[in-house]
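One letter stands for each residue in the lines below.
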Amino acid sequence: MSIFKKKPNEEAIVIDDRLQHIAFIMDGNGRWARRRGMPREYGHRAGSKVFRDLSIYCGDIGIKVVTVYAFSTENWKRPQKEVDAIMTLLEEFLFEALETMKARDAQIHFLGDPSPFSEKFRALMEKTERESAENHRVLNIALNYGGRAEIIRAANTAFTEKGGEISEDDLERHLYTSHCPPPDLIVRTGGEYRLSNFLMWQSAYSELYFTDKYWPDMRHADVDAAVREFYSRQRRFGGV
Ligand code: FPP
């Protein structure tokens, strides 16, 4: 059950096929915690609760694919204590994920290079992906993910497979996101206006929405605001 209730006077949001995929750059956990005089890890814990709540909420309002940027290839540079705290949160999530995903009819996919993780953690990731594969909605968790590295990896694999010049379709088949459409909307919290190497290929025609709110402060109404903004825009995909 959701921990954040919609206020009675807030209008329900209606989703159609134009918005199938929302991706979130969950920024601002550290600053949120510091503002409270707490360590950054406290912000990540609050952020992981919001991640759970908002991914369920997105499913409830009819969004088929949700992607979150949980850990980038650059995040290893953070203090070990903080990296450990994020890994613990991910592990906690993984332990309960199969049950939650079954109830929510969602498959889990991890985007990124799993090789630096422990064997135990990788086995848990694989089990979660495998056992949720029959579900219909999609939750992508970008973990040890970098957009440029993803493109290089896909290009090399496609080239080796084809043995010659590759097309966009060939490359797309080898992206971590080959199972889902590209994001229609990318939401970044925390007041920074950049993509930080997130879904570099897939974001070519995504609508971008930035909010100053820190990730742990995000609520259903903030998702609604991003969705309303999305529907107020005209997407032309390069046409007129
Ligand atoms: C960015 O905020 C956030 C991260 C690098 C980690 C995100 C991780 C979680 C929300 C917890 C675990 C996730 C799951 C999927 C269970 P920041 O630390 O860069 O914040 P700052 O910009 O204020 O320093």
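Residues numbered from 1 in each chain as written. Predicted model: local features only at pLDDT ≥ 70, side-chain atom pairs only at ≥ 80, totals over all residues. Heavy atoms only, no water.

Let us now look at the confidence of the model for the protein. The share of residues in the protein with pLDDT of 70 or more is 96%, and the mean pLDDT across the chain is 94. Long-range and interchain partners of residues 1–5, a stretch whose pLDDT sits below 50, account for seven contacts in this model, where long-range means more than four residues apart. (pLDDT = per-residue confidence, 0-100. Contact = heavy atoms within 4.5 Å.)

This paragraph deals with the site of the ligand. Near the ligand there are 19 residues, and of these Met26, Asp27, Arg31, Arg40 and Arg78 occur at the shortest range. In the environment of the ligand, an oxygen atom lies 2.9 Å from a nitrogen or oxygen atom belonging to the side chain of Asp27. Contact with the protein chains hides 92% of the accessible area of the ligand, taken as 630 Å² for the molecule alone. Those elements giving two or more residues to the shell around the ligand turn out to be helix 1 (29–35), helix 2 (40–61) and helix 3 (80–104). Here the shell around the ligand is built from residues that sort into seven nonpolar, seven polar and five charged. (Near = heavy atom within 4 Å. Polar contact = N/O pair within 3.5 Å; in protein donor to acceptor, adjacent residues only side chain to side chain. Areas by Shrake-Rupley, 256 points an atom, 1.4 Å probe, with all protein chains shown as cover. Helix = DSSP H or I, 4+ residues; strand = E, 2+ residues; numbered from the N terminus. Nonpolar A, V, L, I, M, F, W, Y, C, P; charged D, E, K, R; others polar.)

What follows concerns the nonpolar core. One finds Phe24, Ile141 and Leu143 to be the most contacted residues of the largest nonpolar core, which totals 44 residues. Beyond its immediate chain neighbours, meaning those up to four positions away, Leu143 contacts Ala70, Phe71, Leu90, Phe110, Leu111, Gly112, Asp113, Phe117, Phe121 and Met125. (Core = buried A, V, L, I, M, F, W, Y, C linked by side-chain atoms within 4.5 Å. Buried < 20%, exposed > 50% of the residue type's maximum accessible area, 1.4 Å probe, protein only.)

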